[in-house]
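# Understanding the architecture of this molecule
Single-letter residue listing:
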Amino acid sequence: MDPMDIVGKSKEDASLPKATMTKIIKEMLPADVRVARDAQDLLIECCVEFINLISSESNEVCNKEDKRTIAPEHVLKALQVLGFGEYVEEVYAAYEQHRYETMQDSQRSVKMNSGAEMTEEEAAAEQQRMFAEARARMNGGGGVSVPQPDPEQQVDTQQQSNLQS
């Protein structure tokens, strides 16, 4: 990433990607409103400073509870302590929405992975079928039908495999 794409005084400073922040700023404003580049940079610097402030206060709340990991509850408490209590409900709702979406994504991933499992014999048969289709397409035989494995033969192969195991 080009150092000019990040707003901050040096590479060591904590900063946010300028393009992403500019997009967020523009999404929050009516289409006919323009923002000067200096104003964008100032808004981005304010965001960085706000994150630093919340992080620092969250760490203090966490330390007071003798914890070593900042939890969402610590961030919500920090908002309260810093005088941003009116935003706690909305921030909590966004957090819950994020947790819900993350949980759904992980469940979909598990379903796709568990649903895609097949025996070695099934995988080999599927691979051979796909190779045959690819050969047929390469040889110009797009309309050539590829023989499908006999389901009864697959069951017999599976039963033999289970007996051997």
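Whatever comes next refers back to the structure up there.
Because the structure is predicted, anything quoted here is derived from the model rather than measured.

Parameters at a glance
- Residues numbered from 1 in each chain as written.
- Predicted model: local features only at pLDDT ≥ 70, side-chain atom pairs only at ≥ 80, totals over all residues.
- Heavy atoms only, no water.
- Salt bridge = Lys/Arg side-chain N within 4 Å of Asp/Glu carboxyl O.
- Helix = DSSP H or I, 4+ residues; strand = E, 2+ residues; numbered from the N terminus.
- Buried < 20%, exposed > 50% of the residue type's maximum accessible area, 1.4 Å probe, protein only.
- Polar contact = N/O pair within 3.5 Å; in protein donor to acceptor, adjacent residues only side chain to side chain.
- Contact = heavy atoms within 4.5 Å.
- Disulfide = S-S within 2.5 Å.
- Patch = residues over 30% accessible without salt bridge, like charges linked within 9 Å, V, L, I, M, F, W, Y side chains within 5 Å.
- Areas by Shrake-Rupley, 256 points an atom, 1.4 Å probe, with all protein chains shown as cover.

Let us look at the pattern of salt bridges. For the coordinates displayed, the defined rule picks out five salt bridges. Between K23 and E27 there is a salt bridge whose closest N-O contact spans 3.8 Å. Pair noted here: K23 and E27 are both in helix α1 (residues 18-27), with a separation of four residues, about one helical turn. Of the residues examined, K23 reaches a relative accessible area of 52% and is grouped as exposed. For E27, a relative accessible area of 54% translates into the label exposed. Note that R129 and E133 form a salt bridge whose closest N and O atoms lie 2.4 Å from each other. Placement of the pair is R129 and E133 together in helix α5 (residues 120-138), with a separation of four residues, close to one helical turn. Overlapping salt bridges bring together E126, R129 and E133 as one network.

Moving on: the side chain of Q40. By the element assignment, Q40 lies in helix α2 (residues 37-64). Exposure remark for Q40: the relative accessible area of 6% places this residue in the buried category. Within the structure, Q40 has its side chain in polar contact with the side chain of T22 (distance 3.5 Å). Excluding anything up to four places from it in sequence, Q40 contacts T22, I25, K26 and V35.

With that settled, the discussion passes to the state of the cysteines. Tallied over the entire structure, the rule returns zero disulfides. Among the cysteines around C47, which has no disulfide bond, C46 carries the closest sulfur, lying 7.0 Å off. Assessed through its relative accessible area of 29%, C47 is described here as partly exposed.

Judged by side-chain polarity, I24, M28, L29 and V33 come together as a nonpolar surface patch covering roughly 360 Å² of accessible area. If you trace the backbone, I24 turns up in helix α1.

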